[in-house]
Amino acid sequence: MEPAVSNGRLEVSCGKKIPKSTPCPRPVPGEASGGCSFDGAQITLIPIADAAHLVHGPIACLGNSWESRGSLSSGPELSAYGFTTDLGEQDIIFGSEQKLHESIRYIVSRFAPPAVFVYTTCVTALTGEDIEGVCKAESEQLGTPIIPVNSPGFVGSKNLGTRLAGDVLFQHIIGSTEPEQTTSHDINLIGEYNIAGEMWHIERLMQQAGMSILSRITGDGRFREVGWAHRAKANMVVCSRALLGLAVQMERKYGIPYFEGSFYGAKETSYSLRQMAYLTGDRDVERRVDKLAAREEMRLSLELEPYRKQLKGKRAVLYTGGVKSWSVITALQELGIKVVGVGTNKSTAEDVSRIADRIGDDAEYIPEGGARQILKTVRSRKADMVIAGGRNMYMALKEQIPFVDINQERHKAYAGYDGLLSLAKQLVHTLQHPVWELTAKLAPWEEETEFAD
Amino acid sequence: MPIKSATKPVSVNPLKVGQPLGGVLALQGMYRSMPLLHGAQGCSAFSKALLTRHFREPIAVQTSALQEMDVIFDADRNLEEALDHIWSKHHPDVIGVISTALTEVAGVDFQSRVKAFKRERALKDSLLFSISLPDFHGSLETGYSSTVESLMDAVLGLAGGKSPKKQRRTQVNLLPASYLTAGDVMEIKDIIASFGLEVITLPDISTSLSGHLLTGFSPLTRGGTPLDSACQMLESSCTIAIGASMERPARRLTHAAGIPYHLFTGLSGLAASDAFIHFLQKISREPAPVRFRWQRENLLDSMLDAHFYYSGASAVVALEPDHMLSTAAWLEEMGVELKRLITPCSTPALQKTEREVWIGDLDDAEESAQGVDLWISNSHGRKGAPRAGASFVPAGLPVYDELGAHTSVSVGYRGTMEWVNKVGNVLLTERGKGG
Ligand code: SF4
C-alpha cells in the first residue's frame, strides 16, 4: 500500500486491517487455469534454501512440479531437493502417518537440516491424516523444528496458498531466533523470491545507501534468519499482496512498520529505497538514498537513451497474473511503451485501482480467459508484443507475436535500475529479432512458380 | 533377474511423475482433443506447465477444478459443468476424462457420469471417454499406455464393434510408446512409409508437438491423429507396437478386429534397427530402400569411430521402464557397463528382462553413480550427476534445459548414430580431462 501523504508527512502503515480475503471466485470447471494452494505455499517457502521441504501425498504434487522455479540460492541447496512420501495405494488404505514419521526422521538424520517443512496435499487432507500431530511429535523427539504447512491444493488458488504460507512463517518461525547483532538500518524483504538473482541487485543498492537486509523472506533465505525477522526496523512487502497479511501481523505484534513497494522501474526502485530509508528514521540514510537515486537515475537515463528511442510508442499487452501488473506498468511507461491491455485476474481491488492510476481507461482490462482473451486484445488494440508468464509464451509464438517472459521461470533479472536496462535491452532485442520477418514469409517454392518450358 | 528397490521411507529427488501426466501426453497426439483432469486445479496446471516446458509448445488440458466442498458433496456437478463448458465452447473431437489421486480416493463414480453425459447429449461423431489413472500407481508410461488402451476401446466402440468390411494389405497401425519423441515418431513413420506402406499412428505427437506454425493458437490440440483415421485402424493388416507398454493396446485390436500385432520393445541400437527393417521388408514384400544400407554402414562406422571413448565406460541410466530398456540395449552394443538401471515403477516387461533393475529415484542414481562415467536421466539429474562425478546426458521427460530434446531422434540406424555420437562426444570431452 502506498502510504498516504497527509500534511506533508508520510503516514505509514497502521496495522489496523489485515487485507480481507475477498472470497475467491470459484474457478470455472472446464475453463480454470492457474495453480493450487499447495503450489502457492511451495513458491513462498521453498526459497528458504537450507530447509528440507517434504511433500506428503501421492507423487503428482511434487513429481510434476519440482525444480520449476528460478529462485536462486547463494549457498545451501537442500531446498532444491525434492522430498515426497510418494504414497502408494497401501499407504492410502492403511494410513500413512507412520510413513510420514519415518520420512521425517530419515531426512533429519541424513541431511541435518535446520527445519523440515511438511506440506499437506489434497489426498492427505481428504483422508484426514494428523499431520500437525506427527510434526509436533517429531519436533520434540528430534529437537528440529518440523513445520506443518496446511495448504492442500483443493482449498483454493495459488494466492491463497501464499497467504497460508505467510501464516506459517508468522506462527511457527518468526520470533523463534535472535540475530547476533542488529543495526538501526535493518529491513526485511517480504515476498522477494530472488528469481534470477534479483534480490542480490536490490541488496547491493541497499548496502550502498547504508541499509541492510535482516531477513530475506524468502528469496535466498535461511531458516534461522527468518526466525529473527521480528528485530527489523521495517518490512517491505515486495509486490505481493498475498503476503501483506504477514506484514500486518508483524506490525501488530512487534510494532514493525511496513510498506508495499516494487523494484520494477527506476521510479518504483527509488521510491522503495526512499521509503525504507524513511522508516529507518535516519536522516543520513535518507540523504544517501537521495544521492544514490539521483545518480542512478541519471546514469540509467543516459544508458537507456538508445533503447528508449526504439521502444517509444510501442504497444504492449501485459498479462502477469495480477500481482505485479501495476509495478511492471510503471517500468514499461518509463521506457516509453504504451500498455494497451492488462490482465487483472487475481488482482485485488487495490491492484486494479493502482493499474487504473497508471493507465486509466486507455487500456483493455482482461479479467480472465487467458490465451484467448490476450490474443483478442492484441488484435483489437494492435499491440506489438505480449509481456506475460511462461504459460502463455507458446501461445504468443504460435501467433508470431513478440513475447517477453516476466514471471517466475525466466532467467533474467529485471529488478532495480540495472534491471530496467536489462528489460529495455530484452524488449528491443525481441522486437527487432530477424525471426519475425523470416517466419512471416512463405517459401519461394510455395509461391506461384513459372516453370520453364 | 530380480527387481530390486531401495529401502528409504521417502522418495528423494523423484524420477516418477503422476500417471495423469501420461494420459495428458497421450491425448496431445489426438487431433482436436482435450484432456480433462478430474481433480483439483493444481494437477492440471502442473501437467500443463511440465509438458509445456518440455515440448516448448502450448498444451491442451482442462480441469474440473474441484474445491474442498465439491469433493465432499458433489464432485459430479463440477465434472458435468466442465464437460458442458468444453463441449459448448470448443466442440472437440475427443475428450478424455482422466481421474486423479483425489477423485480416486474420494471414490467418485465419474465413469458412469461420463457415460450419462454422452447419452444425454447424443455425442455421435466425437469421442468422449473416461479413464482411471490414480497417481498412487504407476508413472508416466503406465498412464500413457492405459490411456491409449481406453482410447482404442472408445474408437472400437465408435466403430460399432463391427468387423471391418475390407482389409487393406498395405495399411499398418503404429502404436508408439510414451518415451518416443515427436522426432522419433516422425522417423518411424517415415521408415515404415519408405516400404510403400500406409501408416496410421495412435497417438501421433509427431504432428502435434513437433513444432509447426500452422494456423495459430487453439485451446485444443492441433495436429495429431484425426478421429476418422483412428477408426480406419480397424482395416489395417497389422499393428506395430513400439515399447512393451504398448502391447496391451495392440492386443485390444487383435481381440476386437483380429488384427495381428508385432511388438518391438525398442528401436534403438543396431540389432533393434535390423530387426525392424527386416520385419518391414517381410510384411511389405518390398526390398529395403537403399538408404538404409547407407544408414546402416554410417552407423557401424560411427560405432567404430566412437568405440575408443566408450571402451570401459560405465553408466547409470534412470528412465521410465521402456525407455530404460531401449537405452540399455544400445549402450550394451557400445560396450558400456551398466552400473545401475533405475526406473520409477515396476511393469510386466521388467519382470522378463535379464538385466538387474532397480525401482527408485534420482537419489539412488546419485548413490550408485559415484565413480561412474555417464548419467542418463531427465533434466532433474542435472544437479545430482556432478555431485556424483558423472557426466550428464539428458533424456526422457522432462528435458527443459536443452533445446530440441523433443524432436531429437534415437530410433533406427540414423537415430542410433545420432545418440552414439552425442553421448560419445560427452565421453570424449569428459574422459579426456584426465583419469
Ligand atoms: S491440486 Fe492437490 S493433488 Fe493436485 S497438485 Fe495440487 S495439492 Fe496436489
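Below is a short write-up of the structure. (Residues numbered from 1 in each chain as written. Chains lettered and ligands numbered in written order. Predicted model: local features only at pLDDT ≥ 70, side-chain atom pairs only at ≥ 80, totals over all residues. Heavy atoms only, no water.)

**So, the environment of Leu362 of chain B**
Within the secondary structure layout, Leu362 of chain B lies in helix 15 (residues 362–368). Judged by its relative accessible area of 2%, Leu362 of chain B falls in the buried class. Taking C-alpha positions, Leu362 of chain B is 14 Å from Thr7 of chain B, a pair spaced 355 residues apart along the chain. Residue contacts for Leu362 of chain B: discarding those within four places in its chain leaves Trp66 of chain A together with Val12, Asn13, Pro14, Leu15, Ala318, Trp375, Ser377, Asn378, His380 and Gly381 of chain B. (Helix = DSSP H or I, 4+ residues; strand = E, 2+ residues; numbered from the N terminus. Buried < 20%, exposed > 50% of the residue type's maximum accessible area, 1.4 Å probe, protein only. Contact = heavy atoms within 4.5 Å.)

**Structural notes on the packing of helix 7 (residues 158–173) of chain A against helix 10 (residues 244–254) of chain A**
All names here are of chain A. Helix 10 packs onto helix 7 with a crossing angle of 25 degrees between their chain directions and a minimal axis gap of 9 Å. The orientation of helix 7 relative to helix 10 falls into the category roughly parallel. Between helix 7 and helix 10 lies a crossing of right-handed hand. Across the interface between the two elements, Gly166, Asp167, Leu169 and Phe170 of helix 7 pack against Leu246, Gln249, Met250, Lys253 and Tyr254 of helix 10. The residue inventory of the contact of helix 7 with helix 10, partitioned by class, reads five nonpolar, two polar and two charged. (Axes fitted to C-alpha atoms, helices over the stretch in contact; angles between N-to-C directions. Parallel < 35°, antiparallel > 145°, perpendicular 65-115°, else oblique. Left-handed = near helix turned anticlockwise from the far one by under 90°. Nonpolar A, V, L, I, M, F, W, Y, C, P; charged D, E, K, R; others polar.)

**Looking at the interface of chain B and chain A**
Contacts between the two partners involve 64 residues from chain B, matched on the other side by 65 residues from chain A. Note on chain B versus chain A: buried area summed over both sides is about 5,200 Å², and carbon and sulfur give 61% of it. Broken down residue by residue, the surface that chain B buries against chain A is led by Pro9, Phe46 and Phe217 of chain B, which jointly contribute 14%. Taking the shortest distance from any N to any O, the salt bridge between Asp86 of chain A and Lys16 of chain B comes out at 3.1 Å. Our enumeration of links across chain B and chain A arrives at 19 residue pairs in polar contact (both at pLDDT 80 or more). Taken together, the elements giving at least two residues each to the side of chain B that touches chain A come down to strand 2 (11–12), helix 2 (41–55), strand 4 (62–63), helix 3 (68–73), helix 4 (75–90), helix 5 (101–106) and helix 15 of chain B. Examined bridge by bridge, strand 4 (residues 83–84) of chain A and strand 2 of chain B share two bridges and lie antiparallel to one another. (Buried area = accessible area lost by both parts, 1.4 Å probe. Salt bridge = Lys/Arg side-chain N within 4 Å of Asp/Glu carboxyl O. Polar contact = N/O pair within 3.5 Å; in protein donor to acceptor, adjacent residues only side chain to side chain. Pairing = 2+ DSSP bridges.)

**Focus on a nonpolar patch on the surface**
Residue and element names in this part refer to chain B. Nonpolar side chains collect at one region of the surface, where Met69, Ile72 and Phe73 lie side by side and expose about 370 Å² of accessible area between them. Locating Met69 in the fold gives a position in helix 3. Met69 gets classed as partly exposed once you look at its relative accessible area, which sits at 48%. (Patch = residues over 30% accessible without salt bridge, like charges linked within 9 Å, V, L, I, M, F, W, Y side chains within 5 Å. Areas by Shrake-Rupley, 256 points an atom, 1.4 Å probe, with all protein chains shown as cover.)

**What about helix 7 (residues 140–158) of chain B?**
Residue and element names in this part refer to chain B. End to end, helix 7 covers 27 Å across 19 residues, agreeing with the expected 27 Å (1.5 Å per residue, within 8%). Of all the 19 residues making up helix 7, 15 are buried; the element is thus mostly covered by neighbouring parts of the structure. Taken from the residues just after helix 7, Gly160 is the one with a positive phi, measuring 80 degrees. (Expected span 1.5 Å × (residues − 1).)

**Here's the deal with the site of the ligand**
As a matter of local geometry, the ligand sits amid Cys36, Phe38, Cys61, Thr121, Cys122 and Gly153 of chain A together with Ala40, Gly42, Cys43 and Phe46 of chain B. Taken together, the residues near the ligand originate from chains A and B. Here the element with the most residues in the shell around the ligand is helix 2 of chain B; it accounts for three residues. Tallied by class, residues from the shell around the ligand come to seven nonpolar, three polar and no charged. (Near = heavy atom within 4 Å.)

**Quick notes on the nonpolar core**
Across soluble globular proteins, nonpolar side chains show a tendency to be buried alongside one another. Counting 97 residues, the largest nonpolar core has Ile240, Phe276 and Tyr310 of chain B as its most contacted members. Of the residues forming this core, the biggest block, eight residues, is contributed by helix 7 of chain B. Counting residues in each nonpolar core, the second largest holds 57 residues, with Ile202, Met236, Leu273 and Leu311 of chain A among its members. (Core = buried A, V, L, I, M, F, W, Y, C linked by side-chain atoms within 4.5 Å.)

**Brief notes about the sheet that holds strand 10 (residues 258–261) of chain A**
Residues and elements named next belong to chain A. One open sheet holds the four strands; their spatial order is 8-7-9-10, and the pairing between them is parallel. Two strands in the sheet have a free side with no partner beyond their single neighbour: strand 8 (212–218) and strand 10. Each neighbouring strand pair of the sheet contributes to a mean axis angle of 25 degrees, computed without reference to strand direction. Both strand 9 (residues 234–238) and strand 10 contribute to a ladder of four bridges, which runs parallel. Bridge pairing links Asn235 to Tyr258 in strand 10.

**Digging into the sheet that holds strand 11 (residues 314–318) of chain B**
Residue and element names in this part refer to chain B. Taking strand neighbours across the sheet as the criterion, the six strands line up as 1-13-12-11-14-15 in an open arrangement whose pairing is parallel. With partners counted over all chains shown, the strands left at the sheet margins are strand 1 (3–5) and strand 15 (391–394), one partner each. For this sheet the average axis-to-axis angle between neighbouring strands, irrespective of direction, equals 25 degrees. The pairing of strand 1 with strand 13 (residues 357–359) spans three bridges and is parallel. Bridge pairing in strand 13 places Ile3 opposite Val357. Across the face of the sheet, helix 13 (residues 321–333) comes into contact with strand 11, strand 12 (337–343), strand 13 and strand 14 (374–377) while running at roughly 175 degrees to strand 12.

Note that all results are geometric; they support no functional claim without further evidence.
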